[in-house]
Amino acid sequence: MQNLTQCVKPITTIALVIALLIKPDAYANQFVLDVKLLNYSDSYGNLRIPSSVQLDLPDPLNVKGNLNLEKSQLTRLPRSLTVGGNLNLAYSQVTQLPRKLKVKGYINLAHSNIQLLNNGLQVTGDLSLMGTNIKQLPPYLYVGGNLYLAHTKITELPEYLTVKGSVYLGGIQIKKTAESINIGGNIYQ
C-alpha cells in the first residue's frame, strides 16, 4: 500500500504542474471538443447549443465556425468570446455582449433580450437588432454589412456610426442623426 501512495503523489504533482502550464483558453477549446460528443458541434467548428440545455460557457471561448445560441436560456456570455463565423443570439435571454468580442461574420440579436451594445462594437457582417428593446446605438459602431433596426426603440443614429451596407429602419422614426455618420448604402424606411 505504501508503494501506491508513493506513486500517486508524484503523479498528482505532475498533473497539477501541467494544468498550471496549459494556456487559459485550453479549457475553452476542450469544451468545444466535449460538446461534439453530444452532437452540439460539428467537424467544421460550428457550435449549436439547443434551447433546452442549461450550461455555463467557458471563459474564454473560441469557436472556429458559427456559434448558434438561438432561443438559448443562457443569460450571459463569457467575458472573452471569439467566433470565426456568425453569432446567432436571436430570441435568446442574453442581455449584453462580452467586452472582448470578435466575430468574423454577422451578429443576429433579433428578438433577444439585449439591452445595450458595447461602445466601439465592430461587426464584420450584418447586425440585426430587429424586435429588441434596445433604445440607443453606441458611438463608433462599425457594421461591415447591413444594419437592421425594425421594431426597436431607437430614435437617433449615434456619432461616428459606420455602416458599409444599408440601414433598414422598418417603420421606426429617426428623430436625430449625427453629422459624423457614414452609410455606404441607403437608409430604408
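Everything that follows concerns the structure shown earlier in this document.
1. Some points on the overall build of the protein chain
And step 1. Secondary structure assignment for the protein chain yields 2 helices and 17 strands.
And step 2. For the protein chain, with 189 residues in total, the buried portion stands at 40%.

2. Some remarks on the sheet that holds strand 13 (residues 162–163)
And step 1. Read across the sheet, 4 strands follow the order 8-10-13-16 without closing on themselves; strand pairing throughout is parallel. Two strands close off the open sheet at either side, each with one partner strand: strand 8 (122–123) and strand 16 (182–183).
And step 2. As paired elements, strand 13 and strand 16 share 2 bridges and run parallel to each other. Looking at the pairing, Val163 lines up with Ile183 of strand 16.

3. Let's talk about the pattern of salt bridges
And step 1. Summed over all chains, the structure comprises 1 salt bridge.
And step 2. Between Arg79 and Asp59 there is a salt bridge; the shortest N-O distance is 2.9 Å. With Arg79 in the loop between strand 3 (67–68) and strand 4 (80–83) and Asp59 in the loop between strand 1 (47–48) and strand 2 (61–63), the pair connects residues that are 20 residues apart, well separated along the chain.

4. So, unusual backbone geometry
And step 1. Looking along the chain, the bond that leaves Asp59 and enters Pro60 is cis, with omega of 5°.
And step 2. Within the element layout of this structure, Pro60 appears in the loop between strand 1 and strand 2.
And step 3. Phi is positive for Lys71, which is not a glycine, with a value near 65°.
And step 4. Examined against the element boundaries, Lys71 turns out to sit in the loop between strand 3 and strand 4.
And step 5. Overall, the relative accessible area of 46% leaves Lys71 in the partly exposed class.
And step 6. One non-glycine residue, Tyr140, adopts positive backbone phi at about 65°.
And step 7. Tracing the chain through its elements places Tyr140 in the loop between strand 9 (127–128) and strand 10 (142–143).

5. Thoughts on the side chain of Ser128
And step 1. Relative to the helices and strands, Ser128 resides in strand 9.
And step 2. Apart from the residues within four sequence positions on either side, Ser128 is in contact with Ile107, Asn108, Leu109, Ala110 and Tyr148.

6. A short note on the environment of Tyr40
And step 1. Looking at the secondary structure, you find Tyr40 in the loop between helix 2 (26–36) and strand 1.
And step 2. A relative accessible area of 16% places Tyr40 in the buried class.
And step 3. With 28 residues separating them in the primary sequence, Tyr40 and Asn68 have C-alpha atoms 9.7 Å apart.

7. Overview of the pairing of strand 6 (residues 100–103)
And step 1. The alternating pattern of strand 6 places Leu101 and Val103 on a buried face, while none of Lys100 and Lys102, on the opposite face, is buried.
And step 2. As judged from the 4 bridges shared by strand 4 and strand 6, these two strands associate in the parallel manner. In the strand pairing of strand 6, Val83 is matched with Val103.

8. Remarks on the sheet that holds strand 6
And step 1. Taken together, the 3 strands give an open sheet; going across it, the order is 2-4-6, and neighbouring strands pair in parallel fashion. For this open sheet the edge positions go to strand 2 and strand 6, each flanked by a neighbour on one side alone. Strand-to-strand twist in this sheet, taken as the mean axis angle between neighbours without regard to direction, amounts to 5°.
And step 2. Here strand 2 runs beside strand 4; their pairing, made up of 3 bridges, is parallel. Of the residues in strand 4, the one forming a bridge with Asn62 is Thr82.

9. Brief notes about the environment of Asp42
And step 1. Position of Asp42 relative to the elements: it lies in the loop between helix 2 and strand 1.
And step 2. Taking relative accessible area as the criterion, Asp42 reaches 32% and is therefore assigned partly exposed.
And step 3. Along the primary structure Asp42 and Gly65 are separated by 23 residues, whereas in three dimensions their C-alpha atoms are 9.2 Å apart.

Criteria and thresholds
- Residues numbered from 1 in each chain as written.
- Predicted model: local features only at pLDDT ≥ 70, side-chain atom pairs only at ≥ 80, totals over all residues.
- Heavy atoms only, no water.
- Helix = DSSP H or I, 4+ residues; strand = E, 2+ residues; numbered from the N terminus.
- Buried < 20%, exposed > 50% of the residue type's maximum accessible area, 1.4 Å probe, protein only.
- Pairing = 2+ DSSP bridges.
- Salt bridge = Lys/Arg side-chain N within 4 Å of Asp/Glu carboxyl O.
- Contact = heavy atoms within 4.5 Å.
- Axes fitted to C-alpha atoms, helices over the stretch in contact; angles between N-to-C directions.

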